[in-house]
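Now for the letters of each chain:
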Amino acid sequence: NKTMQLHKAGAGSCIQGASFAPACLGVQSRRAVRQASSRSRAACQATTSDPLLLRVARGEDAERTPVWLMRQAGRYMAAFREYSNKYPFRMRSETPEIAIELSLQPWRAFKPDGVIFFSDILTPLPALGIEFDVIKGKGPAIATPVRSMEQVQKLHPMADPASRLPFIETTLSTLRKEIDGTGTTLLGFVGTPWTLAAYSIEGKADKDCKETKKIMLNNPQMLHALLHHLTEALIVYASYQIESGAQVIQLFDSWAHHLSPQQFVEFSLPYADRLAAALKAKYPQVPVIFHANGGTGKLETMKATSADVIGLDWATDIKTARNTLGESVRVQGNLDPMILFGPEEKIVEATNQLLLAAGPHGHILNVGHGVIQGTPEAAVGAFCEAARQSGSLFAKGGSGQPLIGV
């Protein structure tokens with residue numbers, strides 16, 4: 001069994017980012033990075049031996065629309081519940097044998113074009129000195145929230161993730177060996193600095209993000225210092241994931257919906273963009289996806305990001321989003337996950353409408369939020385199958401054009 005052929009964790013490659021202030025990366029410079037990246041891609045022919053999702057994320061040729069699902073390894077699967085009912089979350093996510101199995105379950109069942117490794121956005125926090133637990137039925141809990149400049153100054157740097165988080169390398173490298181040669185892409189992920197800062201300050205999920213907003217308004221210097229520290233740590237952590245085998249990195253800005261467009265420009269986007277730009281500079285062939293939950297109303301701002309792909313939540317009309325972002329920006333999403341509770345014909349109809357609205361170029365099919373507990377497994381299978389049929393869907397639509405990434 002290839003899944004059980006685990007290796008000893010090796011040293012990951014770490015990079016230290018330069019000092020960063022929120023305004024240091026202007027819109028023009030980000031656009032220049034994107035344009036240069038597009039010119040570089042255009043100068044090379046697509047490598048058809050690379051996995052489909054990876055090629056589309058890079059902007060290369062594609063025979064159809066690729067698909068994967070956020071939270072595709074989850075409690076909607078009976079096989080997953082056999083583990084979640086028996087083992088606590090951190091044991092599952094930090095034990096490579098279990099994390100590998102949970103990552104592969106939906107891939108074996110539904111054959112999505114991407115495998116995202118089973119972990120959590122909070123996983124790097126203990127290496128910084130912020131301990132957390134995940135309480136069943138309640139979610140993440142941080143016993144000692146970070147709410148002062150003194151606490152920020154005492155945080156550890158992400159100096160050696162290979163020794164502090166060795167299970168990450170073992171999980172990712174083994175998954176990469178398992179899926180190599182199958183046409184499947186391995187995705188790594190991190191939370192954005194804003195989302196991790198908000199979790200670290202609140203200590204738990206909070207519908208109002210009250211403590212973070214109070215610090216934002218009364219002590220913004222402390223919040224910026226925390227965001228800077230997290231940004232530099234996440235550059236190292238995401239680099240470690242890439243060195244361990246991840247082919248694409250997704251940035252989850254799960255708490256972007258707590259920010260007004262103006263707050264997003266100050267407290268989230270510059271730090272997420274610093275993270276994306278640093279990864280693109282070191283790993284130009286590794287696409288970065290930026291998914292901001294609650295991105296509606298922020299698209300004009302987001303189109304200047306250094307990320308290769310913009311993830312859209314389900315509240316966004318994908319055709320309008322593509323018009324706003326421009327044809328050079330690739331997108332991911334964005335089916336309402338509740339559609340998967342409907343009959344198969346409704347799922348296929350809604351998915352096909354989404355595919356046609358997004359168009360045959362530069363689109364990765366996904367749900368607009370994580371798969372919801374209780375979703376019928378057959379519905380996920382129907383959703384993935386609709387993507388596999390997208391090539392013929394577009395051909396029937398009369399485009400007559402090859403599916404070329406933007």
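K.L.:
Can you walk me through the packing of aromatic side chains in this structure?
P.N.:
Any two aromatic rings considered together are summarised by their centre-to-centre distance and by the angle between their planes. Tallying each qualifying case throughout the model produces eight aromatic pairs. Here the aromatic rings of Phe117 and Phe189 are separated by 5.3 Å at their centres, their planes lie at 45 degrees, and the arrangement is tilted. Residue Phe117 is located in the loop between strand S1 (114-116) and helix H6 (125-128), and its partner Phe189 is located in strand S4 (residues 185-191); the two are separated by 72 residues in the primary sequence. Taking the relative accessible area as the measure of exposure, Phe189 reaches 8% and is therefore buried. Taken together, a centroid distance of 6.5 Å and an interplanar angle of 5 degrees make the contact between Phe264 and Phe290 stacked.

K.L.:
Looking at this structure, I do not really get helix H17 (residues 344-358). What am I missing?
P.N.:
Note: α-helices contain 3.6 residues per turn, so residues at a spacing of three or four share the same orientation. If you check H17, its first and last C-alpha atoms are 21 Å apart, about what 15 residues at 1.5 Å a residue would give, namely 21 Å. Every buried residue of H17 is accounted for by Ile347, Ala350, Thr351, Leu354, Leu355 and Ala358. Viewed end-on, H17 has its buried residues packed into an arc of 140 degrees, placing them on one side of the element. Of the surrounding elements, those touching the buried residues of H17 are helix H16 (318-325), strand S8 (330-335), strand S9 (363-367), helix H18 (377-388) and helix H19 (390-396).

K.L.:
Would you take a moment to explain the nonpolar core for this structure?
P.N.:
In a soluble, globular protein the nonpolar side chains are often hidden away together inside. Formed by 124 residues in total, the largest nonpolar core has its most connected members in Trp194, Leu223, Leu226, Tyr237, Phe290, Leu340 and Phe383. For this core, the element with the most residues is helix H12 (residues 220-244), which contributes 13 residues. When neighbours within four sequence positions are excluded, Trp194 is seen to be in contact with Cys209, Thr212, Met216, Leu223, Leu227, Asp253, Trp255, Ala256, His258, Leu259, Phe267 and Ser268.

K.L.:
Hey, could you run me through unusual backbone geometry in this one?
P.N.:
Only a minority of non-glycine residues have a phi that is not negative, and only a minority of peptide bonds are not trans. For the bond running from Gly333 to Asn334, omega is -10 degrees, close enough to zero to count as cis. You can see Asn334 is positioned in strand S8. A positive phi angle is found at Arg71, which is not glycine, with a value near 60 degrees.

K.L.:
How do you make sense of the environment of Pro140 when you look at a structure like this?
P.N.:
Residue placement: Pro140 occurs in strand S3 (residues 139-141). When its relative accessible area of 17% is taken as the criterion, Pro140 is described as buried. Ignoring sequence-local partners within four residues, the contact set of Pro140 consists of Leu122, Asp133, Val134, Tyr199, Gly203, Lys204 and Ala205.

K.L.:
I would appreciate a short explanation of the sheet that holds S9 in the present structure.
P.N.:
Adjacent strands of a sheet pair through backbone hydrogen bonds, lying either parallel or antiparallel. Reading across the sheet, the seven strands line up as S1-S4-S5-S6-S7-S8-S9 and stay open at both edges, with parallel pairing between neighbours. Edge strands, defined here as strands with exactly one partner in the open sheet, are S1 and S9. Each adjacent strand pair in this sheet contributes to an overall mean axis angle of 25 degrees, direction not counted. As paired strands, S8 and S9 are joined by five bridges and run parallel to one another. From the neighbouring strand, Val331 faces S9, where its bridge partner is His363. Contacts from H12 reach S4 and strand S5 (248-253) within the one sheet, and its direction differs from that of S4 by about 165 degrees.

K.L.:
What should I look at first to understand the environment of Leu299 in this one?
P.N.:
In this structure, Leu299 sits in helix H15 (residues 299-302). Classification of Leu299 as buried rests on a relative accessible area of 11%. Apart from the residues within four sequence positions on either side, Leu299 is in contact with Leu312, Thr316, Ala321, Thr324 and Leu325.

Each value, and the rule that gives it
- Residues numbered from 1 in each chain as written.
- Predicted model: local features only at pLDDT ≥ 70, side-chain atom pairs only at ≥ 80, totals over all residues.
- Heavy atoms only, no water.
- Phe/Tyr/Trp six-rings, centres within 6.5 Å; stacked < 30°, edge-to-face > 60°.
- Helix = DSSP H or I, 4+ residues; strand = E, 2+ residues; numbered from the N terminus.
- Buried < 20%, exposed > 50% of the residue type's maximum accessible area, 1.4 Å probe, protein only.
- Expected span 1.5 Å × (residues − 1).
- Arc of directions from axis to C-beta.
- Contact = heavy atoms within 4.5 Å.
- Core = buried A, V, L, I, M, F, W, Y, C linked by side-chain atoms within 4.5 Å.
- Pairing = 2+ DSSP bridges.
- Axes fitted to C-alpha atoms, helices over the stretch in contact; angles between N-to-C directions.

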